[in-house]
Amino acid sequence: MRGEPVFILMYFMFVIIGAGGLIVTANLSPIAKDLYVDAVPVSLLGMTLPALTFAATIEPVLNGLTRPFFGWISNNVGRENTTFIAFMPKGIGIYALCRLGANPFWFVFAIRHGFL
């Protein structure tokens, strides 16, 4: 019920996660420009696009596809386990972006896996 501590905590977590994703999406261009990968072509899935365009295009599409998938996982293994399963690739993706982000392929890959 609204107003209960569990609801308030879950709503706060929802807002923080949503805000984090929006902040990263808004800063995708400056990040790519700092790493000098914004205009470098990347070939994935039979398409060749500049890394920044590829990351900005594929991220929301795959984000929408993974939501039902993680809902299914949540129904089968529980909410807490699903949270662990979902956030582990995020942590790895953020670390990969820091270490390998200067490579255009890894930039696109890390952006996708770092920000589900």
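Preceding block: the structure.
These lines cover the structure that appears in this document, whether it is placed above or below. (Residues numbered from 1 in each chain as written. Predicted model: local features only at pLDDT ≥ 70, side-chain atom pairs only at ≥ 80, totals over all residues. Heavy atoms only, no water.)

### A closer look at the packing of aromatic side chains
In the structure shown here, the tally under the stated rule is 7 aromatic pairs. Taken together, a centroid distance of 6.1 Å and an interplanar angle of 40° make the contact between Tyr-11 and Phe-14 tilted. With a gap of 3 residues between them, Tyr-11 and Phe-14 both fall in helix α1 (residues 5-26), about one helical turn apart. Classification of Phe-14 as exposed rests on a relative accessible area of 58%. With a centroid separation of 5.4 Å and an interplanar angle of 70°, the aromatic rings of Phe-69 and Phe-70 are classed as edge-to-face. Residue class for Phe-69 comes out partly exposed when judged on its relative accessible area of 42%. An aromatic cluster is present here, built from Phe-7, Tyr-11 and Phe-14 joined pairwise through their rings. (Phe/Tyr/Trp six-rings, centres within 6.5 Å; stacked < 30°, edge-to-face > 60°. Helix = DSSP H or I, 4+ residues; strand = E, 2+ residues; numbered from the N terminus. Buried < 20%, exposed > 50% of the residue type's maximum accessible area, 1.4 Å probe, protein only.)

### Re helix α3 (residues 51-77)
The largest bend along α3 measures about 25° and falls at Thr-66, with the proline Pro-68 one to four residues further on. Among the residues of α3, Ala-51, Leu-52, Phe-54, Ala-55, Ile-58, Glu-59, Asn-63, Thr-66, Phe-70, Ile-73 and Ser-74 are the ones counted as buried. Following α3 by one or two positions, Gly-78 has its phi on the positive side, about 100°. (Bend = angle between axes of the 7 residues up to and from the residue.)

### Some words on the pairing of strand β2 (residues 47-50)
Moving residue by residue along a regular strand, the side chains alternate between the two faces of the sheet. Where strand β1 (residues 41-44) meets β2, 4 bridges bridge the pair, whose relative direction is antiparallel. Bridge pairing in β2 links Ser-43 to Thr-48. Between the end of β1 and the start of β2, which pair antiparallel, lie 2 residues, with Leu-45 showing a positive phi angle near 55°. (Pairing = 2+ DSSP bridges.)

### Regarding the packing of α3 against helix α4 (residues 79-100)
Orientation of α3 relative to α4, taken along the N-to-C sense of each, is 135°, at an axis distance of 7 Å. When the axis of α3 is compared with that of α4, the two are oblique. For the pair α3 and α4, the sense of crossing is right-handed. Counting all contacts with α3, which are made through Phe-70, Ile-73, Ser-74, Asn-75 and Val-77, the residues of α4 involved are Arg-79, Asn-81, Thr-82, Ile-85 and Ala-86. When grouped by side-chain class, the residues that make up the contact of α3 with α4 number 5 nonpolar, 4 polar and 1 charged. (Axes fitted to C-alpha atoms, helices over the stretch in contact; angles between N-to-C directions. Parallel < 35°, antiparallel > 145°, perpendicular 65-115°, else oblique. Left-handed = near helix turned anticlockwise from the far one by under 90°. Contact = heavy atoms within 4.5 Å. Nonpolar A, V, L, I, M, F, W, Y, C, P; charged D, E, K, R; others polar.)

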